[in-house]
Every structure is written in C-alpha cells, then in structure tokens.
Amino acid sequence: MPRVLLIEDDPSVREGVELGLRRRGHEVRAAATGEAGLVALAEFRPDLLLLDLMLPGMNGVQVCRQVRERSQLPIIMLTARGDDFDVVIGLEAGADDYIVKPARTEVIEARIRAVLRRLDDVGPGRQAIEVHGELAVDRVGLTVSKAGRPLALAPSELKLLLHLSAAPEQVFSRQQLLEHVWEHSYHADARLVDACVARLRGKIEDEPRSPRYVQTLRGFGYRFGPL
Amino acid sequence: MSPGRPRRVRAFGLRTRLLLAFLLVAAVSAGTTAALTYREARSALLQTAQDTAVTSFRDQVQQTGFALPVQGGEDLEQLLRDIARRGKPHPWVVFAEYGSMRASSGENPVSTVITPELRRRALANPHGSFERVVKDGVPYLTIAMPMVFKTSPDSLLPSGLVLYAVMRMTDEQVNVDALLMAARDGALPGLAVALIPGLMAARSVLRPVRELRRAARSMGSGRLDTRIPVRGSDELADLARTFNEAAGELERSVKELREAEARARRFASDVSHELRTPLAGMLAVTEVLDEDADALDADTARAVRLVSAETGKLAVLVEDLMEISRFDARAAELNADEVDVAEAIRKTLSNRHWTDDRVRTELPDGIRARLDPRRFDIVVANLVGNALRHGGAPVTVRLRTEARSPGTPVLITEIADSGPGIRPEVLPHVFDRFFKADAARTRSAGSGLGLAITQENVRLHDGTIRAGNLPGAGAVFTVEIPLHAEGAGG
C-alpha cells in the first residue's frame, strides 16, 4: 500500500484524513507545518504527498515548489477553496492534481491511486524506447531524455507525454486527457490539463511559446507532433 | 445616450423656440413702435400741409370778389390764375365750375383729379371740403370751396359757383417716404441686433439644461458622483443645486446598499468557508462510521448512520453555498471550450448512472458549442436530477439548435418529466434560493440551491432558463444558450 505524507495544519482534518486513509490500509504520516513536512519527507520517504494549500509559515505552494526542485514525488493539493486563483497557483507550482475540501476518503483514495497508477499501455510490438526528434521516451523504464540529457518530469507530466506520444498527430480534447491521464470521471477542471501542458512544454520544448512537440489545436485540444 | 440609438431630429428644438420667441417679441415691439411713429408723423406732416392749403385757399377765395352772375372768358381765368399764384404751401391749379361753365388757371379747363364725391360734398358743405387723391402714383390734395352769400349772421346761401384747388403733394410724399424708410431701417437692424441677445439668452438658459442632461446621462450610466457646477443664484442654479442634492442622496443610499450587500456576501462566504474545515475532517471519517455501524447495537448504529448521512448533506449544502457566494461576488469564471454537446450530455447522464430507461434522450450529433463543460454538466445533472426526484420518470432530454433572426443561433436543451407538473403559483419562484414548493416539506433531498445555481450557470453562458408545463402533464425546463461555435478558442 502507498505511503502517504499528509501536511495539514487543521487538527481535525489531519486526524480525519489520517484515520480514513489508514483504515483503507495506507501508511500515513501527518505533519502540521510545511517545515515539519519537509523534514518528514526526508526520513519517511513517502510515495505521495497530500498537501494543504493554506499553512501557517511556509505555505503549500512554497512547499510544492521546494519538493519539485528535488524530486518527482507525486503531489496532490488539498484546498479549502475551490476558487480559481488558488487552483491555478497550485497547479503551476507543480501539483499533479487537487482535491477541494471537504472530500470523502473514497474520493481522496481514488485520486491517490490515479496519480500513482502507471500508464501500462505499452502495447504489443511497441519498442521500449521511442525517439521523437530530440526526445527519447522509454515506455518501460518510464524515463524521458532530451538530446541524451534525462528530464525530470512530474508524474502527471510524464503520463500526459506518454499518452500523447503513444498516438502521434492524434488530437485529444481536454476532456479526453482528463479522463485518461487524471482519470477524472466527471467534467473536472480543464485548466488542470492546460497547466500541466504548460509545465511539460517548459521542460521539453526548445521554445515553449512556439511548441514543436505538444501542439495546440484551437477549439479541439492537443496533439503530439507532427515534428 | 448610447451610440447605437439614433437621436431624433426635432424641427423646433428648445434653442430654436427660444430664439423665435425672442425675435417675435422684438419684431412686434419694433414693428409697433415704427408703425405708430410713422403714422403719427405722417398724419402730422400731411395735416399741416393740408390745413395750411385749405385755410389759404379759403382766404384767397373770400378775398376775391366775383361778380355774379359769373361771366366766363379771359377775366375769370385771370382771376383764377391770381388765386393760383398765391397758393400755399405750393402753387395750385384752380378750377371754377358754375353751371355748365368750366374755367381753370391751368391748361385744361376740367381737372381729372376731382372726384364726383368731392363735387357732391362741395355742394353740401358751404365751408368747403377737401380730399386726398392718388392718381398715377402722384398724391394730390383737392379742395372744394363753394361761393356763398351771407344773407344773415347765421344763414348762408350757395351761389352755385364752386372753386376747386388741386395741389400736388410731391414734397410731402417724399417726406413721408423718407419717414417710412427711416422706420423700416430702424426696425430691421433692431431685429438683427436682437438676434444676438436672443442667442445669448437662449444659450444661458440652455447651458444648464444641457449640463443637466449630460449629468443625468452620466448618473444613468453608473457614475453616481456626477455633480453640476452651480452658477449664480437664479432658478437654474436652484435646479442644479437640487439635482446635486438628489444625486448626493442617491449616491449615499446606493453606497450603503452596496456595503450591506458586500457584507452579506462576505458573511455567506466566510460562514461557508469556516464550515468547510470541520466538515473536511468529519466527511473523511464518515465511511469509518458507516462501516463500523453494523457492529454496534441498534440505537447507536442508527445514530451513527444519521450523523454520517447528515454530514454528507451538510457538505453538499456548504458546497452549494460557496458556489452561490462566488456567483454573488462575481468571482465565478467561465472556462469555455468548444464541445460536442450531445457527447457532453451523454457523459453527464452516464457518469450519474442515468443510463436506464428512466431517462430518454433525443440528442442529434454534430452540434458543437462553446461551453464551460463543468458548468454545463452541473446544469444538465441538476435539471435531470430534479426531474427524476420531483417530477417522475421517464425524463426526456432533448437537444436542438434554433436560428434567431436577430443575433446568433441558440442551443436549446429541454428537460421534460412525466410528473404532475409545476403548480402555476409556484412557477415564478422555482429559481428562488431555498424555495420550497411544498410548505409542509421542511427539507428536500438537495440543498435548495440547485436551481438557483443552475440559473447562475446558465446566465454565465449569457443564456436563459425557463420553467413551464407541458400541455399534457409534466414540467419542462428549457435552457437557451447562444451558440458561439465559430469563435472557438483553445
């Protein structure tokens, strides 16, 4: 079962979520502040970070940025506000998904599983390593390198790239990407896709403003290539 | 005024009317003065000339002795020429008429100027009479003087001889003409000059009116701090002052209202937000309660399940309250995307497991519209959910587009149920917040905000939503959203 680190300042939420997830078999460590969370991160080595956005002292966005600088640990934002501003800030800082409080444990767990699930659609006869321009995508080792240099992609970015590059030149709508990459079964926030695309472009494109690999089709969605 | 509305062109604006009234007054006063002056001067001028002439002629005639009965011939003509020479103020031509005898001091023995009217009056009035005659554009004064015998101090006897004097009044006419010219030349520039104060007066009256109009328009467009500069202390200044006071009052009340509204919104938002955190903790453990309830004794199990269920409802209510306060604070954004509408509706239905025969669909493929998929999902899910809960299966979801003669075509989504329909007295209130169609039902399954949120979501799409009843039975909700498929953005 996945090891989850929960950073949440409110005791009742912290205990509730911890209790709920532990009952479902997760190993949970909880921290009350961002600073304590970063310390616990080093020794607990979780598989996933559940991060409250509003924290005393160091806030969730800052914690998220710091974690992203060092690792590709999956991060899910827990936000008390579903307000557009917070969601976008959190996503831009590198979160893979977000959950609006209050949420049932089953929703939290489903999101955790979705973020942790690997894209195993290597498919028969497909080579383990595909080369697209300067990008080399290893579908088995789940690594991506550009011109021989390995890229540090967050889980959602990697999943998005794997999904798009599995069918080059095919256009996917935001809705389709939400369902396949994030596994959101209802009409969720399309800006989740846009923010992730923007982050991915920042890492793989030579010129993120005129993208070569992940292209936008106005009114329809995104596609990989043509190169 | 909005630039699109054409301004009605009036033939007589306020300025024109003011100016015309001013000119009319000026014209009437100048004209009357000129006319009266002219008339008085003219009659004084003519009267003097004519009185002098009449008196002079009478004197001449009386001083001249006529031997009666009058003998025609050279003597008489000589006599007449003597009288004519002494004419005052101008020389005149003297005619004598006696029976059938005619004589004159001029070339013709009979004058063409003397009228039969004067002849008749000459016989009737022994003191003589006169008449002004205009012939061929030349004015003449004609005087008739009958010769009489004084039989006693108060009795006169006509002799039958009548003397006529005909005098051209050319000089007087020139003077009168000059007078007319002077009157006209005085009045016309007066009128022209009156135009300037007229314009100025019109301007001074119209400027405050125009300022008032501008200020009223500015107030109407929402700038409540609009004020008019107060000049002077006349009625127009009073008007400006009154306007300013009214504007101040209005601004103050609007400000108070807005503050109250903002406070109410902030309160709702704060309450929802504060409720959220404890709910987050509670909701995370409700499953624990539900799972363990089976192992508890009956009463405790009921209590635990009740708490769990109510926590869920509370979470929905708080969520809806947050959403409503976002709409009220205008913080709700439209994240529009071009979507296949039929596909979107199908997904909404299947995600909520409304795939059995309780929900029928008539969804033509290929309709693409710019929508916020999340909000449209909420709209459809809410209406179908309501129809199933309050109306009755089967529920029909119908999609179509309709061209509107002015403006863009619209996307029409109809959700009809097979229930008893909505009571007419309830219809206007179905979109009200927390409105309960059935007063006895204290709490519905939803938050009571569902339709209000649905309406806000439709409005955010610049659309409209209507509730009504089908001719047979059953309620129908119609959502109309402008179809902006062409300007699709990514």
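Bear in mind the structure is a predicted one, so any value in this text is a computation, not a measurement.

Conventions adopted
Residues numbered from 1 in each chain as written. Chains lettered and ligands numbered in written order. Predicted model: local features only at pLDDT ≥ 70, side-chain atom pairs only at ≥ 80, totals over all residues. Heavy atoms only, no water. Helix = DSSP H or I, 4+ residues; strand = E, 2+ residues; numbered from the N terminus. Buried < 20%, exposed > 50% of the residue type's maximum accessible area, 1.4 Å probe, protein only. Contact = heavy atoms within 4.5 Å. Areas by Shrake-Rupley, 256 points an atom, 1.4 Å probe, with all protein chains shown as cover. Axes fitted to C-alpha atoms, helices over the stretch in contact; angles between N-to-C directions. Parallel < 35°, antiparallel > 145°, perpendicular 65-115°, else oblique. Pairing = 2+ DSSP bridges. Phe/Tyr/Trp six-rings, centres within 6.5 Å; stacked < 30°, edge-to-face > 60°. Lys NZ or Arg CZ within 6 Å of the ring centre and 35° of its normal. Buried area = accessible area lost by both parts, 1.4 Å probe. Salt bridge = Lys/Arg side-chain N within 4 Å of Asp/Glu carboxyl O. Polar contact = N/O pair within 3.5 Å; in protein donor to acceptor, adjacent residues only side chain to side chain. Left-handed = near helix turned anticlockwise from the far one by under 90°. UniProt positions renumbered as here; feature names shortened; annotations may be inferred. Patch = residues over 30% accessible without salt bridge, like charges linked within 9 Å, V, L, I, M, F, W, Y side chains within 5 Å.

Student: Please clarify how the overall build of chain A should be interpreted in this entry.
Tutor: What chain A contains, in helices and strands, is 8 helices and 11 strands. With 227 residues in all, chain A has 56% of them scored as buried. Of all intrachain contacts in chain A linking residues separated by at least 6 positions in sequence, the fraction that spans at least 24 positions is 58%. With the model as given, the accessible surface of chain A reaches about 9,800 Å², and the carbon-plus-sulfur share is 51%.

Student: I tried to follow the packing of helix H7 (residues 174-182) of chain A against helix H8 (residues 191-204) of chain A on my own but got confused; where do I start?
Tutor: The geometry of a pair of packed helices is captured by two quantities: the angle between their axes and the separation between those axes. Residues and elements named next belong to chain A. Between H7 and H8, whose axes approach to 9 Å, the crossing angle comes to 80°. As far as their axial angle goes, H8 and H7 are roughly perpendicular. Counted together, Arg174, Leu177, Leu178 and Trp182 of H7 and Leu192, Val193, Asp194 and Cys196 of H8 form the full contact between these two elements.

Student: So what exactly am I meant to see when it comes to the sheet that holds strand S5 (residues 97-100) of chain A here?
Tutor: Consider a sheet: its strands pair through backbone hydrogen bonds, and that pairing is either parallel or antiparallel. Residue and element names in this part refer to chain A. Reading across the sheet, the 5 strands line up as S2-S1-S3-S4-S5 and stay open at both edges, with parallel pairing between neighbours. This sheet does not close on itself; its edge strands, each paired only once, are strand S2 (27-31) and S5. For this sheet, the mean inter-axis angle between neighbouring strands, taken without regard to orientation, is 20°. Bridge count between strand S1 (residues 3-7) and strand S3 (residues 48-52): 4 bridges; the pairing is parallel. Considered in S3, the bridge of valine 4 is made with leucine 48.

Student: Can you help me understand the packing of aromatic side chains in this one?
Tutor: Here the distance between the centres and the angle between the planes together describe a pair of aromatic rings. As enumerated under the stated definition, the model contains 3 aromatic pairs over all chains in all. Taking the centre distance of 5.4 Å and the plane angle of 85° together, the rings of phenylalanine 57 of chain B and tryptophan 92 of chain B count as edge-to-face. One end of the pair, phenylalanine 57 of chain B, is in helix H1 (residues 14-63); the other, tryptophan 92 of chain B, is in the loop between helix H2 (74-85) and strand S1 (93-98), with 35 residues separating them in the sequence. Of the two residues, phenylalanine 57 of chain B and tryptophan 92 of chain B, both sit in the buried class. The ring of phenylalanine 44 of chain A has arginine 3 of chain A sitting right over it, with the charged end atom 4.5 Å from the ring centre. Across the ring face of tyrosine 164 of chain B, the terminal group of arginine 119 of chain B is positioned such that the distance to the ring centre comes to 6.0 Å.

Student: Any chance you could explain the interface of chain B and chain A here in plain terms?
Tutor: Much of the literature gives interface size as the accessible area that the parts lose upon coming together. Facing the 35 residues of chain B at the interface are 34 residues of chain A. Buried area between chain B and chain A, summed over both chains or domains, comes out near 2,900 Å², and the portion from carbon and sulfur atoms is 50%. Seen at the junction of chain B and chain A, the total is 4 salt bridges. As a salt-bridge pair, glutamate 179 of chain A and lysine 347 of chain B come within 3.5 Å of each other at their nearest N and O atoms. Along the contact surface separating chain B from chain A lie 8 residue pairs in polar contact (both at pLDDT 80 or more). Of all the elements in the fold, those that place two or more residues in the side of chain B that touches chain A are helix H5 (235-293), helix H6 (298-328), strand S6 (337-340), helix H7 (341-351) and helix H8 (373-391) of chain B.

Student: Please explain the packing of helix H1 (residues 11-23) of chain A against H5 of chain B as it appears in this structure.
Tutor: The interhelical angle for the contact between H1 of chain A and H5 of chain B, taken along N-to-C directions, is 30°, at an axis separation of 7 Å. With respect to their mutual orientation, H1 of chain A and H5 of chain B come out roughly parallel. Where H1 of chain A crosses over H5 of chain B, the handedness of that crossing is left-handed. Mapping the contact onto sequence places Ser12, Val13, Gly16, Val17, Leu19, Gly20 and Arg23 of chain A in H1 of chain A and Thr277, Pro278, Ala280, Gly281, Ala284, Val285, Val288, Glu291 and Asp292 of chain B in H5 of chain B.

Student: What is the right way to look at the UniProt feature "coiled-coil region" (unreviewed entry) in chain B in this model?
Tutor: In the numbering adopted here, UniProt assigns the feature "coiled-coil region" (unreviewed entry) to residues 240-270 of chain B. Across residues 240-270 of chain B one finds 100% helix and 0% strand; the C-alpha atoms that close the span lie 44 Å apart.

Student: How should I be thinking about a nonpolar patch on the surface in this particular structure?
Tutor: Residues and elements named next belong to chain B. Together, Leu14, Leu18, Val205 and Val209 line one region of the surface with nonpolar side chains, adding up to about 260 Å² of accessible area. Counting residues per element, the ones that place at least two in the nonpolar patch are H1 and helix H4 (170-220). Relative to the helices and strands, leucine 18 is located in helix H1.

Student: For this particular structure, what's the right way to read the UniProt feature "modified residue: 4-aspartylphosphate" (unreviewed entry) in chain A?
Tutor: Residue and element names in this part refer to chain A. Here, the residues flagged by UniProt with the feature "modified residue: 4-aspartylphosphate" (unreviewed entry) are Asp52. Tracing the sequence through the fold places aspartate 52 in strand S3. What makes aspartate 52 buried here is its relative accessible area of 3%. Those residues in contact with aspartate 52 that sit more than four places away from it in its chain are Ile7, Glu8, Asp9, Gly60, Leu78 and Lys101.

Student: What is the right way to read the pattern of salt bridges from this model?
Tutor: Opposite charge on two side chains makes pairing possible when the charged atoms of those side chains draw close. Under the criterion given, the structure shown has 49 salt bridges over all chains. The partner of aspartate 194 of chain A in a salt bridge is arginine 174 of chain A, with the nearest N and O atoms 2.9 Å apart. Within this pair, whereas aspartate 194 of chain A is found in helix H8, its partner arginine 174 of chain A is found in helix H7, the two being separated by 20 residues in sequence. Residue classification places aspartate 194 of chain A among the partly exposed positions, given a relative accessible area of 24%. Owing to a relative accessible area of 7%, arginine 174 of chain A belongs among the buried residues under this scheme. A single network of salt bridges, built from pairs that share partners, joins Glu362, Arg398, Arg400, Glu402 and Glu414 of chain B.

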